[in-house]
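Geometric and topological summary
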Amino acid sequence: MGVVEYRIDRRSGVATYLQIVQQTKQALRLGLLEPGDQLPTAREVVEATAINPNTVLKAYRELEREGLVEARRGLGTFVRRSLGSAPAESPLRAELVDWAGRARAAGLDRDDVAALFTAVLDENFKGDKE
Amino acid sequence: MTDTAIQAAGLGRRYGRRKRDVLADCSFRLPKGRICALVGPNGAGKSTLLAIAAGLLKPTAGTVEVLGGPPTAARSRIAYVAQHKPLHPQLTVAATLRLGAELNPGRWEQSAAERIAYGTGGLEPKAKIRSLSGGQRTRVALALAFGKRPELLLLDEPMADLDPLARHELTGALMAEAVEHGTTIVMSSHVVAELEGSCDYLLLLQGGRMRLAGDTEELLAAHALLTGTGTDFAPHTVIERRASGRGHTALVRVADTTEESAAGTTGPARHREQPTLEELVLGHLRSHQAPAGDIDHTDHNDHTHQQETAA
């Protein structure tokens, strides 16, 4: 099994530790990581990405706080539970496909739809931790 | 045991009869285990500060403690890589490392030195130093510094000669060293972006004065970029202000970080953004009159006050 690699985008405006948190969650959603799997060690991450060690440790602490991983002393950090994903063929997806079609028919272009969708997301998930 | 790597109070240095102090009234405390960026324009006093911390230069004013004592007492626990990287040109890389081993008895770790010298994109052991490029010499100098297994690593413009790939590899190696051994690293540069991702502590020098000192996240949280239609950004302290369309954008020191909303950062028609470290540094450098900032709440209020009244 290969090691999960983090891609750090310094220009994204998203805090580096959050990028690691988000990419780990994405790996959990996609099934790239499953319970029992080991996350790369802090040494491996900093060696590959040249980011600050404390940033990696902060990201791992955050994942631990959310109950997704656990640190085992002297061994490393391991996945505790998986993240549920919306199955590709769920009713929610079908509704969204339908909605996107209607948005397009109403004359909205891709950017308009994305902006609208993001605004609604922000409104509905306001205050939620990422 | 102390948790402080470097503590300076009112530190100053003047060379000969030159009128200007190269370093003046510098006070800061760098905790152990941090990766610190020492940033400032050319001639700001970065090299002087590093040489003082390394115990190679005496300050002409103020005091400095390194790893809990005077810098000279900590010499065996410090590695210092000077900008010009003095190496013996006629020696091979392998012989240079042997020399490092003999000069640092009891501390030397050959494997750590070899990882840097011969690792990914590394050098030929039999290559003579004089045949190496500037970037390759940097690699040898860093290998010597790593082999010494220091508690404090002082690097003067370490990345200046390196191509982007070598820079990434060697920064990664530095960070790996730090995570494994809790090494405190101070590296100087006049390019902030170069250090932005790897550092968690910032010392900003300008004209020999410490403009900013503190944890990068705390410094960023203490500042904001505000855009509004007016020119009044009270109650915040404006560091730098520029016209933006019909309004103004200002880099401000937030009045009270514990009560951001109460302090009215979002006043009428104001848009608030978080500056990047580079924006923060450039804003402070452009504004010579920025009140000196020190987010680290140690005992040098007097110093901060002096700089504020001087501004």
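Residues numbered from 1 in each chain as written. Chains lettered and ligands numbered in written order. Predicted model: local features only at pLDDT ≥ 70, side-chain atom pairs only at ≥ 80, totals over all residues. Heavy atoms only, no water.

This next bit is on the overall build of chain A. Tallying secondary structure elements over chain A gives 5 helices and 2 strands in all. In sequence order, chain A lays out its α and β elements as α-α-α-β-β-α-α. Burial status across chain A gives 30% buried among its 130 residues. In chain A, once contacts between residues fewer than 6 apart in sequence are set aside, the share between residues at least 24 apart is 55%. Accessible surface, chain A: about 8800 Å² in total, of which carbon and sulfur atoms supply 51%. (Helix = DSSP H or I, 4+ residues; strand = E, 2+ residues; numbered from the N terminus. Buried < 20%, exposed > 50% of the residue type's maximum accessible area, 1.4 Å probe, protein only. Contact = heavy atoms within 4.5 Å. Areas by Shrake-Rupley, 256 points an atom, 1.4 Å probe, with all protein chains shown as cover.)

Here the focus is the sheet that holds strand 2 (residues 23-31) of chain B. Residues and elements named next belong to chain B. Here we have 3 strands laid out as an open sheet, ordered 2-1-4, and antiparallel in their pairing. Edge positions in the sheet fall to strand 2 and strand 4 (61-66), since each of these pairs with one other strand and no more. Strand-to-strand, the axes of this sheet are offset by a mean angle of 10°, without reference to chain direction. Bridge count between strand 1 (residues 4-13) and strand 2: 6 bridges; the pairing is antiparallel. Across the sheet, residue T4 finds its bridge partner in strand 2, namely P31. Along the sheet face, helix 1 (residues 46-53) touches strand 1, strand 2 and strand 4 and points at about 120° away from the line of strand 1. (Pairing = 2+ DSSP bridges. Axes fitted to C-alpha atoms, helices over the stretch in contact; angles between N-to-C directions.)

On average, residues of chain A score 86 in pLDDT, and 92% of them reach the 70 mark or higher. Taken element by element, chain A is modelled with least confidence in helix 5 (residues 110-124) of chain A, mean pLDDT 87, and with most confidence in helix 3 (residues 53-65) of chain A, mean pLDDT 94. (pLDDT = per-residue confidence, 0-100.)

Turning next to the side chain of T171(B). Turning to its location among the elements, T171(B) is positioned in helix 5 (residues 164-181). Take T171(B): its relative accessible area is 7%, and that puts it in the buried class. Polar contacts involving the side chain of T171(B) include one to the main-chain carbonyl oxygen of R167(B), which spans 2.6 Å. With residues near it in sequence (within four places) discarded, T171(B) still touches A50(A), M159(B) and S198(B). (Polar contact = N/O pair within 3.5 Å; in protein donor to acceptor, adjacent residues only side chain to side chain.)

Turning our attention to the packing of helix 1 (residues 16-29) of chain A against helix 3 of chain A. Residues and elements named next belong to chain A. Where helix 1 meets helix 3, the axes come as close as 8 Å, and the angle between the chain directions of the two elements is 45°. By the angle between their directions, the pair helix 1 and helix 3 is classed as oblique. Between helix 1 and helix 3 the crossing geometry is right-handed. Contact with helix 1, carried on its side by T16, Y17, I20, V21, T24 and K25, involves T55, V56, K58, A59, Y60, E62 and L63 of helix 3 and no other residues of that element. By residue class, the composition of the contact of helix 1 with helix 3 is 7 nonpolar, 3 polar and 3 charged. (Parallel < 35°, antiparallel > 145°, perpendicular 65-115°, else oblique. Left-handed = near helix turned anticlockwise from the far one by under 90°. Nonpolar A, V, L, I, M, F, W, Y, C, P; charged D, E, K, R; others polar.)

Taken together, the contact pairs 14 residues of chain A with 19 residues of chain B. Carbon and sulfur atoms make up 50% of the area that chain A and chain B hide from each other, which totals about 1300 Å². When the buried surface of chain A facing chain B is broken down by residue, R43(A), A50(A) and N52(A) rank first, second and third, together holding 41% of it. Across the chain A-chain B interface, the total number found is 2 salt bridges. R43(A) serves as the salt-bridge partner of E180(B), at 3.0 Å between the closest nitrogen and oxygen. Our count for the contact surface shared by chain A and chain B stands at 7 residue pairs in polar contact (both at pLDDT 80 or more). Residue assignment for the side of chain A that touches chain B shows that the elements contributing at least two residues are helix 2 (42-49) and helix 3 of chain A. In terms of residues, the side of chain A that touches chain B owes the most to one element, helix 2 of chain A, which gives 6 residues. (Buried area = accessible area lost by both parts, 1.4 Å probe. Salt bridge = Lys/Arg side-chain N within 4 Å of Asp/Glu carboxyl O.)

Let us look at the pairing of strand 8 (residues 201-206) of chain B. On any regular strand, side chains alternate: one points to one face of the sheet, the next to the other face. Residue and element names in this part refer to chain B. Among the 6 residues of strand 8, 6 are classified as buried, and the element is accordingly described as predominantly covered. Burial along strand 8 is two-sided: Y201, L203 and L205 facing one way and L202, L204 and Q206 facing the other are all buried. Turn length for the strand 8-strand 9 (residues 209-215) hairpin, with the two strands adjacent in sequence and antiparallel, is 2 residues, and the turn residue G207 shows positive phi of about 55°.

Inspection of the entire model under this criterion finds 18 salt bridges over all chains. Through salt bridges with shared partners, a single ionic network connects R43(A), E47(A) and E180(B).

All names here are of chain B. Judged by pairing direction, the sheet is antiparallel, and its 4 strands sit side by side in the order 11-12-10-13 without closing on themselves. The sheet is open, and its two edges are formed by strand 11 (237-244) and strand 13 (271-273), each paired on a single side. On average, adjacent strands in this sheet sit at an angle of 20° to one another, irrespective of strand direction. The pairing of strand 10 (residues 223-228) with strand 13 spans 3 bridges and is classified as antiparallel. Bridged to T227 within strand 13 is H271.

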